[in-house]
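Structural overview for review
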Amino acid sequence: MTATTQPLPAEWRDFFALTKPRVMSLVIFTGLCGLLAAPAHIHPVLGFTAILCIAMGAGGAAALNMWWEADIDAGMKRTANRPLPTGKMDRTSARDFGGALAAASVFLMGFAIGWLAAAILALSIFYYAVIYTIWLKPRTPQNIVIGGGAGAFPPLIGWVAATGDITLMPVILFAIIFFWTPPHFWALALFVQTDYAKVGIPMLPVVAGEAVTRRQIVVYAVLLLPLTLLPWMIPAQFGGFGAIYGVSAAVLSTLFLLLALRVGVRKRQGDADTMRPEKQLFGFSVLYLFALFAAMVADRWIVVQGIVP
Amino acid sequence: MTQLPDSASNAAADRKRILRTRNIVLAVILAGFAILTFAISIAKMG
C-alpha cells in the first residue's frame, strides 16, 4: 500500500473529542465540589491531581463508550459526526486510547492520592463502560437511571480523595446526582426527537410513552427534595452542611419539583406544541445542579470553616 | 481510485503535519506529567 492510498492518521483533536469534553466539564465541576465541600484539607497539588484523575477517568470511559457504540453513533444524526463514524479514526485506536487513559487515571490516583479513591474511580469507569454501555443501555428503558449512577461518582471520588474514607455524606452526594439525572434527561427526551429507536436503544419515552415518562419525572423530583435536605440534617462534625446550603437546597428543590409537576400533569398539544414547560425544566435542571453544589462549597467555606462566624 | 500527483503530495504533507502536531501535543503532555510527578513528590513530602 502506498502513501497515497493510506487514510490520514487521526488528529489530536479527534482523540480529544473522544473524551466528550462537554460532559467532562460537569464531571470536573461536581468532582471539584466534592473535593472542596469535604471537611478536610488537601494540598492544592494533590487536589489538582485528584481532579485531573477524575477527568482522565471520565475521558477514558467516554472513549471506550464511543469505541463500543461506533455503529450506533453512525446511525444517529446527533452523533454521526463523531471521529469514529466519520472515519477520522479507526476503532482500535479509540479502544487503546480509552483503555490507556482509564488505566493511567486509576494508577495516578492510587499512587498520588490513595487506593480507596482509585478503586472507586476504577469502579466508576467499569460501571460506565461495561455495566451501562455494553450491558444495560441496549437492554432496558431504565438505561438513563442506570447511566445516572456513572455521572454520580465524581463528587464521591472528590470527597474520598480529600478525606480518605467513605461516610454517609459522599454517598448522599452520589444519590443526589443519581436521582437528578432521570428528570434532567427525560425532560430533554420529551422535546428533542432522537434517533435512539432507529438504532435499537430502548429509551423510556419511546418504549413506555410520554405519560409514563412524565410520571417518572415527578417521582424522581419528589424523591430529590428530601434527599437534598439530608445534608442539612447531618451534624457538621459528620460532614453535614449549614443554613446556607439548607435554605438554597430547599428553594432550589421546591422550584425543581414545581417545574416537574407542571411537566407531569400536562399532555402534548399536538405537533404545534412548543414544549415550553419541558424546556424550562431541562434548562433549570442544569442550573439547579450547579447551584446546589456551589451552595455546598460556599456553606463549607463560609460557615463551617469559619470564614464568616 | 486513481489519484493525481498533486493530491498525493498534499496527502503526504497533511500526514506529516498531523503527525508533527500529534508529537508536539504528546511531548507537552509528557512534560506536564513529569512536572506533575515532581510536584506530587514535593507535596507528599511536605
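Quick notes on the rules
- Residues numbered from 1 in each chain as written.
- Chains lettered and ligands numbered in written order.
- Predicted model: local features only at pLDDT ≥ 70, side-chain atom pairs only at ≥ 80, totals over all residues.
- Helix = DSSP H or I, 4+ residues; strand = E, 2+ residues; numbered from the N terminus.
- Buried ≥ 20, exposed ≤ 12 C-beta atoms within 10 Å, placed from the backbone.
- Rg over C-alpha atoms; globule rule 2.2 N^0.38 Å.
- Contact = placed C-beta atoms within 7 Å.
- Core = buried A, V, L, I, M, F, W, Y, C linked by C-beta atoms within 7 Å.
- Domains from an automatic or database assignment.
- Nonpolar A, V, L, I, M, F, W, Y, C, P; charged D, E, K, R; others polar.
- Axes fitted to C-alpha atoms, helices over the stretch in contact; angles between N-to-C directions.
- Parallel < 35°, antiparallel > 145°, perpendicular 65-115°, else oblique.
- Left-handed = near helix turned anticlockwise from the far one by under 90°.
- pLDDT = per-residue confidence, 0-100.

Tallying secondary structure elements over chain B gives one helix and zero strands in all. Among the 46 residues that make up chain B, the fraction classed as buried is 0%.

What follows deals with the overall build of chain A. The helix and strand tally for chain A stands at 13 helices and zero strands. Element order for chain A, N to C, with α for helix and β for strand: α-α-α-α-α-α-α-α-α-α-α-α-α. In terms of overall dimensions, chain A is globule-like: its C-alpha atoms have a radius of gyration of 20 Å, near the 19 Å expected for 309 residues. Taking the principal axes of its C-alpha atoms as reference, chain A extends roughly 70 × 55 × 25 Å.

This part takes up unusual backbone geometry. If you check the backbone angles, K20(A) has positive phi at about 50 degrees while not being a glycine. Judged by the 18 C-beta atoms lying within 10 Å of it, K20(A) falls in the partly exposed class.

All names here are of chain A. Of all the nine residues making up helix α7 (residues 143-151), seven are buried; the element is thus mostly covered by neighbouring parts of the structure. Along α7, the residues classified as buried are N143, I144, I146, G147, G148, A150 and G151. Check the buried side of α7 and you find it contacts α6 (115-136), α8 (153-163), α9 (168-191) and α10 (204-207).

This paragraph deals with the nonpolar core. In terms of nonpolar packing, the biggest core is built from 89 residues, with L35(A), M109(A), A117(A) and L121(A) touching the most fellow members. Counting the residues that make up this core, at least three belong to each of domain 1 (14-164) and domain 2 (167-309) of chain A.

Here we take up the domain arrangement of chain A. Residues and elements named next belong to chain A. As far as domains go, chain A holds domain 1 (14-164) and domain 2 (167-309). Placing the centre of domain 1 and that of domain 2 at their C-alpha centroids yields a distance of 21 Å. Contacts between the two partners involve 28 residues from domain 1 and, on the opposite side, 28 residues from domain 2.

Let's shift gears to the interface of chain B and chain A. Reports of interface size often rely on the accessible area that becomes lost once the parts have come together. The interface of chain B with chain A comprises 15 residues on the first partner and 11 residues on the second. Along the lines of polarity and charge, the residues of the side of chain B that touches chain A split into 10 nonpolar, two polar and three charged.

The subject of this paragraph is the packing of helix α3 (residues 44-68) of chain A against α6(A). Residue and element names in this part refer to chain A. Look at α3 against α6: their axes get within 10 Å of each other, and the N-to-C directions meet at 20 degrees. By the angle between their axes, α3 is roughly parallel relative to α6. Seen along the crossing, α3 lies across α6 with a hand that is right-handed. Counted together, A50, C53, I54, G57, G60, A61, L64, N65 and W68 of α3 and A117, L121, S124, I125, Y128, A129, T133 and I134 of α6 form the full contact between these two elements. For the contact of α3 with α6, a count of residues per class yields 12 nonpolar, five polar and no charged.

Mapped onto the secondary structure, A175(A) falls in helix α9. Spatially, the C-alpha atoms of A175(A) and L84(A) are 33 Å apart, while their sequence positions differ by 91 residues.

Next up on the list: the packing of α6(A) against α7(A). Residues and elements named next belong to chain A. For the pair α6 and α7, the least separation of the axes is 9 Å and the interaxial angle reads 165 degrees. Judged on the interaxial angle alone, α7 and α6 are roughly antiparallel. In the crossing of α6 with α7, the sense of the turn from one axis to the other is left-handed. Between α6, through S124, Y127, Y128, Y132 and L136, and α7, the contact on the second element is made entirely by N143, I146, G147, G149 and A150. In the contact of α6 with α7, the residues fall into six nonpolar, four polar and no charged.

Atomic detail in the predicted coordinates should be set aside for any region of low pLDDT. With 89% of its residues at a pLDDT of at least 70, chain B reaches an overall mean of 89. Interface predicted TM-score (ipTM) for the complex: 0.83; the corresponding pTM is 0.91.

Time to look at α8(A). Residues and elements named next belong to chain A. In terms of burial, α8 is largely enclosed, as 11 of its 11 residues are buried. Looking at α8, one finds that the buried residues are F153, P154, P155, L156, I157, G158, W159, V160, A161, A162 and T163. Turning to α8, the residues buried within the fold contact α2 (21-37), α3, α6, α7 and α9.

Turning to the environment of A94(A), a few remarks are in order. Residues and elements named next belong to chain A. As for its placement among the helices and strands, A94 is situated in helix α5 (residues 91-112). With 84 residues separating them along the chain, A94 and F178 place their C-alpha atoms 28 Å apart. With residues near it in sequence (within four places) discarded, A94 still touches L18, A63, M66, W67, L84 and M89.

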